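# Summary of the model geometry
Here is how the chains run, residue by residue.
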Amino acid sequence: MSILGEILIAALLVSGGVFGLVGAWGLVRLPDMMTRLHGPTKAATLGVGSVLIASMLHFWLHHGVLSWHELLITIFVLITSPITGLFIAKAHMHLSWQQGELPRPPSGVEWCTYGRGAENSPIVTVDGPEKPCE
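Note that the structure is predicted; figures quoted are calculated from it, not measured.

## Brief notes about a nonpolar patch on the surface
On the surface, W60, L61, L66, W68, L72, I75, I79, I83, L86 and F87 cluster together into a nonpolar patch covering about 1,000 Å² of accessible area. Among the secondary structure elements, those contributing two or more residues to the nonpolar patch are α3 (38-63) and α4 (68-96). Take the nonpolar patch: its biggest share by element is 7 residues, from α4. Note that L66 resides in the loop between α3 and α4. According to the relative accessible area criterion, L66 is partly exposed, its value standing at 36%.

Structure (structure tokens):
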């Protein structure tokens, strides 16, 4: 294996570790749930992705085998981590805030998370009649 490949793999592993450390630090140090949510999602997206790409490069450069497993896992993490963060944020919003406590969207209509169909959810309280949403 070339020295350049080893340096690239080491840099990806170190950057993945740094992203993981920053994400863990953000989870512990940030003040409330909505700000703490950003640390782990960024660490999962960038840190785990860097480690998996380093693993893929290692097997390609060292063994001559291109392993697609790591690439597929990286793509899966890149797709699912932001969606998971969105679901956690929406659940926190529904469990912690009332509809009137949220800032209004720029267009002046209601948030869709409290819109049509929300009255059927066990964790959502809808105030008043149905309104158009954004």
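The rest of the description comes next.
## Structural notes on the environment of L86
For L86, the position within the fold is in helix α4. Distance from L86 to L37, taken between C-alpha atoms, is 9.3 Å for residues 49 residues apart in sequence.

Thresholds applied
Residues numbered from 1 in each chain as written. Predicted model: local features only at pLDDT ≥ 70, side-chain atom pairs only at ≥ 80, totals over all residues. Heavy atoms only, no water. Patch = residues over 30% accessible without salt bridge, like charges linked within 9 Å, V, L, I, M, F, W, Y side chains within 5 Å. Areas by Shrake-Rupley, 256 points an atom, 1.4 Å probe, with all protein chains shown as cover. Salt bridge = Lys/Arg side-chain N within 4 Å of Asp/Glu carboxyl O. Helix = DSSP H or I, 4+ residues; strand = E, 2+ residues; numbered from the N terminus. Buried < 20%, exposed > 50% of the residue type's maximum accessible area, 1.4 Å probe, protein only.

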